[in-house]
Amino acid sequence: MKIRQYYPEYFKKLRPQKIRSAIMAAFSFISISIMLILGVVMYIRFSASSRQEIILSTQKLMEQTEENLEDYLSNMRQISDAVYYNVIKEHGIAEQENQIQQGMNLLYEANRSRLRSIAIYNSYGSLIAAEPVALQKEDPDVTNQGWYEKAVSDTANMHFSTPHIQNLFDDHSRRYYWVISLSRVVELTDHGVPTTGVLLVDMDYSGISRMMQKINASENGQYYYLCDSNGRIIYHRQQAQIRKGFSSENSMKAAAYKDGVYDDTFDGSRRKIIVNTISYTGWKLVGIIPDATFTHGMFDIRYFIVILILFMAMMLAVINRVISDRISSPVLKLQQSVIAYEAGEKPEIYIGGSQEIRLLGYAIQRSYEQIDALMHKIVLEQNERRKSELEALQSQINPHFLYNTLDSITWMIEGKRNDEAVFMISELAKLFRISLSKGHTIISIKDELQHAKSYMNIQKIRYKNRFSVSFEADPALYSCCTVKLILQPVLENAINYGVGDMDEDDGGQIQVTGRLEHGTAILSVTDNGVGMSADEVDLLLTDSNRIHKHGSGVGLVNVNHRIQILYGNQYGLSVQSEPDKGTTVSICIPAIPYSEENQKKLEKGNFRVDTK
């Protein structure tokens, strides 16, 4: 008897180059996989490093700009303090008006590159002094302007306005200047009588504008803007378009952020937002980094990685060819000698190549003398193995039940029903622990009942509690032996053919009971489902085809057969049912005490067990 007789198609399809191609394909697949993984890892690493570098450089630039802005604003505060403490508080507004004007002039001249004007108003909004000397426009309505109202409403602090056109003084040049107003309430002395007024320092907005323009020179889509704590724009590179409504910016959202880096989506585009708070003012310096900015610098890296992978692939193709030839050549020669031997010739089996191939040749040469006996033995073993696998499959739970249970757990987790998911997983773990039972087919009735409870707990959730389940068993049964997984198919049958299709209002019920009667353990499963006729009951334990039409395929016929093989024909299943009243399936087995010795005897087929 020759191998060719059993596998003629295999020998027909054998080609000398097949093993070489397989080796090359395996090496190529492994090599390409490794290169792709390395390429992806390198790209991800470079990408993450590049993103972090861009964020860090942006933060550093914003910190420098923040310092410049704070210096600028601090200088304005110092000018305001100097006017107040060195000029106003030192002189009376009526008797020393010239000294006040002179002091304001000195401060203005020293800081005229940053200032547009300095002015003092009384509590009625009337101008007391201003620098540079200019005519106030007719009825500017000072008391209704934002900077004046903020100063009067909060007298303890200085207030910075948003950019606006300076509309208080007429310098005959017909030019309009954008300013930011710093206002505060001051104490004035009029003939020795203290009164209150408002000190206004108008800063030239162009100074802040130049600082912001300097950092907005990038052409990669990255930009920066300045807003106050309420989200009102102080500077933006598209400020005119935003003011006219042609563009927009989510500055109110940015103003609510604390200092740090945030992910954001605006106008359908993902981006990073970096926020820094300007001291004294509560202004927010905001840096915007679109996602496109991160990918812009990665093109060169991508090309480099692709070229590197292609170069490595060409090198590996050559190496794979050489290696596959060296490995496959001895194997192919050995294969050819084996094929010749199987063709009826008696050539010498090829002995050559590496040590492993030579040992293989020796082994093949010796094994041919025993092939007929071995093949016969293999056939017998395969038959026994198929039989064992079939029996093992008969004791497995329905794979669809497992899939559905895992699917239910997935939906629970996605629906944030974590407690139910934990319960399902716990019950499934108990069910599998008992199903496996360390390879034993004999377990205690206590474990069998626990397996049934876990199974029904899962099914109740899957069927959304359309039926109820109860267990009532005599504790004396717990320590008795049973074949494992005999209750679960019966319960599955009760669900599929009894209460599974009933509505929740119909009150579907399944009751599991256990009792001892004259040395016999009886486990019963009762449901109040649709029931069956007497003819169907007669076929239930004989017609196995009926059980398979929906369910696990581990039907009542198989359970009954397994029990009778182990314990004898006097034991097994009995069924009582009436249409529209329900069905009761009873399992009868001998009440054998559960012990390691009895377990081994039963699994070996020795039924002479002491039941005392």
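It should be emphasised that the depicted structure is a prediction, and the values quoted were computed from it without experimental measurement.

Quick notes on the overall build of the protein
Then step 1. Counting secondary structure elements, the protein contains 20 helices and 20 strands.
Then step 2. Across the 612 residues that make up the protein, the buried fraction comes to 42%.
Then step 3. Taking the intrachain contacts of the protein between residues at least 6 apart in sequence as the baseline, contacts between residues at least 24 apart amount to 64%.

As for the packing of helix α15 (residues 445-462) against helix α16 (residues 487-499)
Then step 1. At a minimum axis distance of 9 Å, the contact between α15 and α16 shows a crossing angle of 30°. As the angle between them shows, α15 and α16 are arranged roughly parallel. In this structure, the crossing between α15 and α16 has a hand that is right-handed. The residues of α16 that touch α15, namely those facing E448, L449, H451, A452, Y455, M456 and Q459, are L487, Q488, L491, E492 and I495.
Then step 2. Class assignment of the residues belonging to the contact of α15 with α16 gives a composition of 7 nonpolar, 3 polar and 2 charged.

Regarding the sheet that holds strand β11 (residues 260-266)
Then step 1. Pairing is antiparallel across the open sheet formed by 5 strands, whose spatial order is β10-β9-β13-β12-β11. Among the strands making up the open sheet, the edge pair consists of β10 (233-235) and β11. Direction aside, the axes of adjacent strands within the sheet are offset by 35° on average.
Then step 2. Bridging between strand β9 (residues 223-227) and strand β13 (residues 284-290) involves 5 bridges; their strand directions are antiparallel.

Points about empty space enclosed by the protein
Then step 1. If you walk through the whole model with that rule in mind, you get 2 cavities of 30 Å³ or more.
Then step 2. Residue lining of the second largest cavity: Q145, W147, H164, Q166, N167, L168, S181, L200 and D202, and that is the complete set.
Then step 3. In terms of residue class, the lining of the second largest cavity is made up of 3 nonpolar, 5 polar and 1 charged.

As for the nonpolar core
Soluble, globular proteins show a tendency: their nonpolar side chains are buried together.
Then step 1. One finds I510, I563, Y567 and I587 to be the most contacted residues of the largest nonpolar core, which totals 50 residues.
Then step 2. Filtering out sequence-adjacent residues up to four positions away, I510 remains in contact with M456, F467, S468, V469, S470, L491, A494, I495, V499, V525, T526 and D527.
Then step 3. Within the second largest apolar cluster, 44 residues are counted, among which are M62, I88, V201 and Y224.

Some remarks on the packing of aromatic side chains
Then step 1. The tally for this structure, following the rule as stated, stands at 7 aromatic pairs.
Then step 2. Centroid distance Y121 to W147: 5.8 Å. Interplanar angle 50°. Geometry classified as tilted. Of the two residues, Y121 is situated in strand β1 (residues 115-122) and W147 in helix α5 (residues 146-153); the sequence distance between them amounts to 26 residues.
Then step 3. Taking the relative accessible area as the measure of exposure, Y121 reaches 0% and is therefore buried.
Then step 4. According to the relative accessible area criterion, W147 is buried, its value standing at 5%.
Then step 5. Grouped by ring-pair contacts, the aromatic residues Y121, W147 and Y148 constitute a single cluster.
Then step 6. Over the aromatic face of Y177 sits the side chain of R116, whose NZ or CZ is 3.9 Å from the ring centroid.
Then step 7. Across from the ring centre of F471, 5.6 Å away, lies the NZ or CZ of K453, which sits over that ring.

What counts, and where the lines are drawn
Residues numbered from 1 in each chain as written. Predicted model: local features only at pLDDT ≥ 70, side-chain atom pairs only at ≥ 80, totals over all residues. Heavy atoms only, no water. Helix = DSSP H or I, 4+ residues; strand = E, 2+ residues; numbered from the N terminus. Buried < 20%, exposed > 50% of the residue type's maximum accessible area, 1.4 Å probe, protein only. Contact = heavy atoms within 4.5 Å. Axes fitted to C-alpha atoms, helices over the stretch in contact; angles between N-to-C directions. Parallel < 35°, antiparallel > 145°, perpendicular 65-115°, else oblique. Left-handed = near helix turned anticlockwise from the far one by under 90°. Nonpolar A, V, L, I, M, F, W, Y, C, P; charged D, E, K, R; others polar. Pairing = 2+ DSSP bridges. 1 Å grid on protein atoms, 1.4 Å probe; cavity = no way out; pocket = protein on both sides within 12 Å on 5 of 7 lines; lining within 4 Å. Points joined across faces, edges and corners; volume = space filled by probe spheres on them. Core = buried A, V, L, I, M, F, W, Y, C linked by side-chain atoms within 4.5 Å. Phe/Tyr/Trp six-rings, centres within 6.5 Å; stacked < 30°, edge-to-face > 60°. Lys NZ or Arg CZ within 6 Å of the ring centre and 35° of its normal.

The values reported here are purely geometric and, on their own, carry no functional implication.
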